[in-house]
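# Structure at a glance
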Amino acid sequence: MGLQARNVAFAVLLLMLVVAPAVLASTIDEAQVRGEIRIEFEEGAVLEIGGLDKNGIVLSVRVPETAGAEFEKDYGSHEVYLQYTTLVPEGQTFTITAHLQQPKHLPEGLALVVTAEIENENDIYAGNPGTPGQAVLSVHSGNPQPIVTGIGTCVTGTGGEAGGPLPKGVKLSYSLLETDVGAIRAGQYKVKIVFTIGS
């Protein structure tokens, strides 16, 4: 009889331990409050030329040592990059164009070729940098020419300048194209290229 009593008591205590939490939980009322958060991304773009020193870029052409041979060209060694940060609206892209600020400063018979390229994916920090291309600029080139198209939201990097990320951006290279050799005249010429980013 005493043994049965102990078993019953144990069973009742165990049942109370299992059931009690469920009973307690059912007595708690839930309360909710809501706070609205607005997230705004403002459309825009900033553009810079990285790696351009105060002396600019020098492209030189000279007469060769061998008579009858083509001109010798020296484009120097430079690391120049287009660097940009963009926030693009849904369904749109940005384009970078290039044009000569004063086309008449470039001699007749000669075109300045500007080539943009992404040498490897590590040159871009994050996002969609677009598709690089080429612009051929001369006294007759007229309207600005696209040099990078299809740009989405992107952070190219700054090459580590101004505390920015290390990737350098879209590399630029410059070369000369003779369109009319007979029209070219010896001399020193200075031209400025204007790069513009927009939709």
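Above this note sits the structure.
In this report, the structure presented in the accompanying data block is examined. (Residues numbered from 1 in each chain as written. Predicted model: local features only at pLDDT ≥ 70, side-chain atom pairs only at ≥ 80, totals over all residues. Heavy atoms only, no water.)

### Observations regarding the overall build of the chain
The helix and strand inventory of the chain stands at one helix and 13 strands. Listing every helix and strand of the chain by position from the N terminus yields α-β-β-β-β-β-β-β-β-β-β-β-β-β. Out of the 199 residues belonging to the chain, those deemed buried represent 24%. Contacts in the chain between residues at least 24 apart in sequence constitute 74% of all its contacts with a sequence separation of at least 6. As presented, the chain carries roughly 14100 Å² of accessible surface, and 54% of it is formed by carbon and sulfur atoms. (Helix = DSSP H or I, 4+ residues; strand = E, 2+ residues; numbered from the N terminus. Buried < 20%, exposed > 50% of the residue type's maximum accessible area, 1.4 Å probe, protein only. Contact = heavy atoms within 4.5 Å. Areas by Shrake-Rupley, 256 points an atom, 1.4 Å probe, with all protein chains shown as cover.)

### Points about the environment of H78
Mapped onto the elements of the fold, H78 is located in the loop between strand 3 (72-74) and strand 4 (80-87). With sequence-adjacent residues up to four places away left out, H78 is seen in contact with I57, K171, L172, S173 and Y174. There is a polar contact of 3.5 Å between the side chain of H78 and the backbone oxygen of Y75. (Polar contact = N/O pair within 3.5 Å; in protein donor to acceptor, adjacent residues only side chain to side chain.)

### Notes on the sheet that holds strand 10 (residues 145-151)
For sheets, the rule is that strands pair by backbone hydrogen bonds, running either parallel or antiparallel. The sheet built from four strands is open, its strands ordered 8-10-5-13 with antiparallel pairing. Bordering the open sheet on either side are strand 8 (131-132) and strand 13 (193-198), each of which pairs with just one other strand. Pairing between strand 5 (residues 94-100) and strand 10: four bridges, direction antiparallel. Looking at the pairing, T97 lines up with P146 of strand 10. (Pairing = 2+ DSSP bridges.)

### Let's talk about the pairing of strand 10
Summarising the sheet, strand 8 and strand 10 pair through two bridges and their orientation is antiparallel. Within the sheet, the bridge partner assigned to T131 lies in strand 10 and is T149.

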